[in-house]
Amino acid sequence: MANQKTLQLLGDKADYLLNHKSTTVDKSQLHLPGGDHLDKIWSQSNRGNRVLGSMEQLLSHGRLGGTGYCSIFPVDQGIEHSAGSAFAPNPMYFDPENIVKLAIEGGCNGVASTFGVLGIMSRKYAHKIPFIVKINHNELLSIPNRFDQTMFGTVKSAWNMGAVGVGATIYWGSEESTRQLKEVSEAFEYAHELGMCTILWCYLRNNGFKVDGVDYHSAADLTGQANHLGVTLQADIIKQKIPTNNGGYNAIKQGKTSPLVYSKLTTDHPVDLCRYQLINCYMGRVGLINSGGESKGASDLADAVETAVINKRAGGMGLILGRKAFQRPFAEGVQLLNATQDVYLDESITIA
């Protein structure tokens, strides 16, 4: 049985989430996280020895070190949203050092942020916690706003500051996605040549994903395909939003799907929807980490733990959680990060 704190946070959802038995893709077909993940999966791949070393650094650090699970603290919202909207609730995070400190005190495997944030702190902290440099952004100051991601620096610059990996976003479905695909695939190839691991934010962006008042940007079937495109670019870890619905292909009437996706490979249970995202990551050979989403206030702790339970029971690798942690007092941010990590450390919370 899960620990009492987790049960309390899940409340009346505890039984629904913790005792669900998946009847879609059986767990025996999945490649699940574990301490031997690199030996089983990546040592058989085309990733070089230095890439394996970078992955090992990331997966060996923090409270989840050695488990195969991953807790990453990401702060790029100062660009992606605006510094004011991101940091006004807690102005101490205008100072990049506090971002790195929260990742360290929170027991994270690594900290993912911008060239500016990590570059200005690199000599002090790059040897103390794995750095992941987010190399492209949507800055949202342009008028009109566009669904685009622009490179803010070079892979070599990230390597020079001592980063173990780079992260990038592709807005699948946007008018600019083809250019983003080319830029990111070239950047990831060079990162691998330099010995760094790669994380891809596989997000959907197009107003066409909203149909009859329903937003399918986080539909299981569409985000699953976004993940499948991401692993094709040889991302080592996929970052994706937790699925909130399904049937996006049928609603937007674009692309191709199969009735079996909905009758055999998914149900309406959140663990099964997340598992569909996972099987599109080569059955879990490439790790799936789900994002924590925006801060909603008092429910953040419970929401984050719920997301961790869904991800773990689906077969995922962990969480990448930012605003829920840094838009609150420092000690509470540490507590929230630790509570999600406790889900992955709890052996009684098993794969569905």
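Residues numbered from 1 in each chain as written. Predicted model: local features only at pLDDT ≥ 70, side-chain atom pairs only at ≥ 80, totals over all residues. Heavy atoms only, no water.

K.L.:
Sorry if this is basic, but what is going on with helix α6 (residues 96-105) here?
P.N.:
Because an α-helix completes one turn every 3.6 residues, residues spaced three or four positions apart along the sequence face the same direction. Burial of α6 is extensive: seven of the ten residues sit out of reach of the surface. Of all the residues in α6, the buried ones are Pro96, Glu97, Asn98, Ile99, Val100, Leu102 and Ala103. Two or three places before glutamate 97, at the opening of α6, aspartate 95 has a side-chain oxygen 3.0 Å from that residue's backbone nitrogen. Of the residues one or two after α6, glycine 107 is the one with positive phi, at around 70°. (Buried < 20%, exposed > 50% of the residue type's maximum accessible area, 1.4 Å probe, protein only. Helix = DSSP H or I, 4+ residues; strand = E, 2+ residues; numbered from the N terminus. Polar contact = N/O pair within 3.5 Å; in protein donor to acceptor, adjacent residues only side chain to side chain.)

K.L.:
Would you mind going over the environment of alanine 219 with me for this structure?
P.N.:
Its place among the elements puts alanine 219 in the loop between β9 (214-215) and α11 (220-232). Given the relative accessible area of 0%, alanine 219 is considered buried. With 58 residues separating them in the primary sequence, alanine 219 and glutamine 277 have C-alpha atoms 9.6 Å apart. Each residue touching alanine 219, except ones within four places of it in the same chain, is listed here: Gly224, Asn245, Asn246 and Gly248. (Contact = heavy atoms within 4.5 Å.)

K.L.:
Honestly, the packing of α11 against helix α14 (residues 270-279) in this entry has me stumped. Any pointers?
P.N.:
Where α11 meets α14, the axes come as close as 7 Å, and the angle between the chain directions of the two elements is 25°. If you check the angle between α11 and α14, you find them roughly parallel. As α11 runs across α14, the sense of the crossing is right-handed. For the pair α11 and α14, the contacting residues are Ala220, Asp221, Thr223, Gly224 and Asn227 in the first and Leu273, Tyr276 and Gln277 in the second. When its residues are assigned to classes, the contact of α11 with α14 shows three nonpolar, four polar and one charged. (Axes fitted to C-alpha atoms, helices over the stretch in contact; angles between N-to-C directions. Parallel < 35°, antiparallel > 145°, perpendicular 65-115°, else oblique. Left-handed = near helix turned anticlockwise from the far one by under 90°. Nonpolar A, V, L, I, M, F, W, Y, C, P; charged D, E, K, R; others polar.)

K.L.:
Would you mind going over the packing of aromatic side chains with me for this structure?
P.N.:
Where two aromatic rings form a pair, the distance of their centres and the angle of their planes describe that pair. The tally for this structure, following the rule as stated, stands at five aromatic pairs. Taken together, a centroid distance of 6.4 Å and an interplanar angle of 80° make the contact between phenylalanine 73 and phenylalanine 326 edge-to-face. Of the two residues, phenylalanine 73 sits in strand β1 (residues 70-75) while phenylalanine 326 sits in helix α16 (residues 323-326), which places them 253 residues apart along the sequence. Summarising the burial analysis for this pair, phenylalanine 73 and phenylalanine 326 share the class buried. Directly above the aromatic system of tryptophan 201 lies the positively charged group of lysine 134, at a separation of 5.3 Å from the ring centroid. Positioned over the ring face of tyrosine 203 is lysine 241, at 5.2 Å from the centre of the ring. (Phe/Tyr/Trp six-rings, centres within 6.5 Å; stacked < 30°, edge-to-face > 60°. Lys NZ or Arg CZ within 6 Å of the ring centre and 35° of its normal.)

K.L.:
Looking at this model, I keep getting lost on the nonpolar core. Mind explaining?
P.N.:
As a rule of thumb, soluble globular proteins bury nonpolar side chains together. Counting residues in each nonpolar core, the largest one holds 112 residues, and the members touching the most others are Phe73, Phe131, Leu200 and Ile238. Residues within four places of isoleucine 238 in sequence aside, it is in contact with Leu200, Cys202, Asn227, Gly230, Val231, Cys281, Val286, Gly287, Leu288 and Ile289. (Core = buried A, V, L, I, M, F, W, Y, C linked by side-chain atoms within 4.5 Å.)

K.L.:
Could you clarify how one ought to interpret the packing of helix α15 (residues 300-314) against helix α17 (residues 330-345) in this entry?
P.N.:
The relative placement of two packed helices comes down to the angle between their axes together with the axis-to-axis distance. For the pair α15 and α17, interaxial distance at closest approach is 9 Å and the crossing angle is 25°. Regarding the angle of α15 to α17, the classification is roughly parallel. In this structure, α15 meets α17 at a crossing whose hand is right-handed. Residue-level contacts link Asp300, Leu301, Ala304, Val305, Ala308, Val309, Asn311 and Lys312 of α15 to Leu336, Ala339, Thr340, Val343 and Tyr344 of α17. For the contact of α15 with α17, the per-class residue count stands at nine nonpolar, two polar and two charged.

K.L.:
Honestly, the pattern of salt bridges in this entry has me stumped. Any pointers?
P.N.:
One side chain can pair with another of opposite charge once the charged atoms of both are near each other. If you walk through the whole model with that rule in mind, you get twelve salt bridges. Between arginine 47 and aspartate 236 there is a salt bridge; the shortest N-O distance is 2.7 Å. With arginine 47 in the loop between α3 (37-40) and α4 (49-60) and aspartate 236 in the loop between α11 and β10 (237-240), the pair connects residues that are 189 residues apart, well separated along the chain. As far as burial versus exposure is concerned, arginine 47 and aspartate 236 are alike and both buried. The salt bridge partner of arginine 328 is glutamate 332, with a shortest N-O separation of 3.8 Å. Take glutamate 332: its relative accessible area is 38%, and that puts it in the partly exposed class. Through salt bridges with shared partners, a single ionic network connects Asp76, Glu80 and Lys134. (Salt bridge = Lys/Arg side-chain N within 4 Å of Asp/Glu carboxyl O.)

K.L.:
What am I meant to see in the pairing of β10 here?
P.N.:
If a strand is regular, its side chains alternate between the two faces of the sheet. Burial along β10 is two-sided: Ile237 and Lys239 and Ile238 and Gln240, pointing in opposite directions, are all buried. Judged from the three bridges that link them, strand β7 (residues 197-204) and β10 form a sheet pairing that is parallel. Across the sheet, the residue bridging to tryptophan 201 is lysine 239, located in β10. Across four bridges, the pairing between β10 and strand β11 (residues 287-291) is parallel. What sits directly across from isoleucine 238, in β11, is leucine 288. (Pairing = 2+ DSSP bridges.)

K.L.:
Sorry, what's going on with the sheet that holds β7 here?
P.N.:
Working definition: the strands of a sheet are paired by backbone hydrogen bonds and lie parallel or antiparallel to each other. With respect to topology, eight strands assemble into a closed barrel ordered β1-β2-β3-β6-β7-β10-β11-β12, the strand pairing being parallel. The sheet shows a mean angle of 25° between the axes of neighbouring strands, direction not considered. Relative to the sheet, α4 contacts β1, β2 (110-113), β3 (131-134), β7 and β10, its axis offset from that of β7 by approximately 70°.

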